[in-house]
Amino acid sequence: MRRTTLAEQISQEIIALIEESGLAPGDEIPTEGELAARFGVNRLAVREAIRTLAAREILVSSQGKPARVHVPTAKVFEQILSFRLRQESLRFSDVLDARRAIEGALVRRAARRVHEGAADPAAANGLLADMGEAADDRERFVDLDITFHAEIAAMAGNGLLSLVLDSLAEVLREHRLASYTGHSLRGDSHESTLAAHRSILEAVRSGDPAAAATAMDRHLAETEQDFTMTP
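Keep in mind that this is a model prediction, so the values were computed, not measured.

The rules we used
- Every chain is numbered on its own, with residues counted from 1 as its sequence reads.
- In keeping with the model being predicted, local features are shown solely for residues with a pLDDT of at least 70 and side-chain atom pairs are shown and tallied solely at 80 or more, while totals for entire chains, interfaces and linings include all residues.
- Computation of side-chain values: all heavy atoms of the structure, hydrogens and water removed.
- Within this document, salt bridges are pairs made up of a side-chain nitrogen of Lys or Arg and a carboxyl oxygen of Asp or Glu, the two lying within 4 Å of each other.
- The helix count covers DSSP runs of H or I at least four residues long, the strand count covers runs of E at least two residues long, and both are numbered beginning at the N terminus.
- Buried residues are those whose accessible area, probed at 1.4 Å on protein chains only, stays under 20% of the maximum for their type, while exposed residues exceed 50% and partly exposed ones sit between those limits.
- Joining through side-chain atoms within 4.5 Å is the link that ties buried Ala, Val, Leu, Ile, Met, Phe, Trp, Tyr and Cys residues into a set, and such a set is a nonpolar core.
- Throughout, a contact is declared for two residues whenever any of their heavy atoms are within 4.5 Å.
- Axis angles are defined between N-to-C directions and span 0 to 180 degrees, where every axis is a line fitted to C-alpha atoms and, for a helix, only to the segment in contact.
- Orientation labels follow simple angle bins: below 35 degrees gives roughly parallel, above 145 gives roughly antiparallel, 65 to 115 gives roughly perpendicular, and whatever is left gives oblique.
- Polar here means any residue outside two lists: the nonpolar Ala, Val, Leu, Ile, Met, Phe, Trp, Tyr, Cys and Pro, and the charged Asp, Glu, Lys and Arg; Gly therefore counts as polar.

Draft legend 1. Highlighting the pattern of salt bridges. A complete count under the given rule lists 13 salt bridges for this structure. Among the salt bridges present, the one from Asp217 reaches Arg100, with a minimum N-O distance of 3.7 Å. Linking Asp217 in helix H11 (residues 209–227) with Arg100 in helix H5 (residues 92–115), this pair joins segments that are 117 residues apart in sequence. The class for Arg100 is partly exposed, based on a relative accessible area of 26%. Among the salt bridges present, the one from Glu139 reaches Arg173, with a minimum N-O distance of 2.2 Å. Here Arg173 lies in helix H9 (residues 169–185) and Glu139 lies in helix H7 (residues 138–156), a separation of 34 residues in the sequence. Through salt bridges with shared partners, a single ionic network connects Asp97, Arg100, Asp217 and Glu224.

Rendered as C-alpha cells:
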C-alpha cells in the first residue's frame, strides 16, 4: 500500500476518533506514538496523516506537542475555487449564478430575522456610509462591498451558507473588481451601485424577505451588465 494512501486512511481514522471521543476545538489528540500503536502503523505514517489534517485545518500541530483539534475555515475551498477560476474552468457567469442562489437565500433570511428582532442592521448601515466615501477608490470600495454582503450573511444567521460565501471570498473579490471596471466602462456612476445596496438594506431593515430578494436579484442583474463591458 502506498504511504500516501495509508496516510489518508489514518486521517479518516483520526477524524473518527475525534468524533467518537467528543473532542472539542483546542483539545489534544493522542500522541503520534499512541496513534501508531492504536492503528498498528509506524509513526511516520501517523505524522503524514496529521500533516494532511493540518493542511485541511482539521488539526493544528506544533513541534514536540500533540496536535489539537481545530475549526476549519473556508480557506482550503477558497484556494480551490480561485485556482479553478484562473484556469478558466469556472466562468464569471458560474459565480454570478452561485451568488443568486446563495445570496438570495441569505437576504431573505436576514430580513426575516430583522423582523423577528434576532438581527441588527446597524453594522451594514455603517458599511454603506463607508462605501459612499470610497466610491472612487476601487480597492477599498470592493473590500467594503464584500464586507457588506458578508454582514448580510451574518444577519441571516445560517452558519453553513455563511461558510459557503466565505469560501468564495477570493473569487468574489476578482468578480467584483471586474464588475467595478465594467461599471466604469459603461459610463455609470458608482452611486448607482451604492443605491442598489441601499435598496437591499432598506428591504432587510423593513423585514420584507420578498422585497429583499427582489432587490438582491436586481443588483446582481446590474452586475451581469457590467461583465458585458469587461475584456
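Moving on, there is more to tell.
Draft legend 2. Focus on the nonpolar core. Within the largest apolar cluster, 40 residues are counted, with the highest numbers of intra-cluster contacts made by Val107, Met131, Phe148, Ile152, Met155 and Val204. Looking at this core, the elements with two or more residues in it are H5, helix H6 (122–133), H7, H9, helix H10 (191–205) and H11. In this view, Phe148 contacts Ala124, Leu127, Leu128, Met131, His197 and Leu201; residues no more than four positions away in its chain are not counted. Counting 17 residues, the second-largest nonpolar core is a separate cluster that includes Ile14, Ile15, Ala49 and Leu53.

Draft legend 3. Quick peek at the packing of H5 against H10. H10 packs onto H5 with a crossing angle of 45 degrees between their chain directions and a minimal axis gap of 7 Å. One element, H5, and the other, H10, form an angle in the oblique class. Counted together, Val107, Ala110, Ala111 and Val114 of H5 and Ile200, Ala203, Val204 and Arg205 of H10 form the full contact between these two elements. Residues belonging to the contact of H5 with H10 are distributed by class as follows: seven nonpolar, no polar and one charged.

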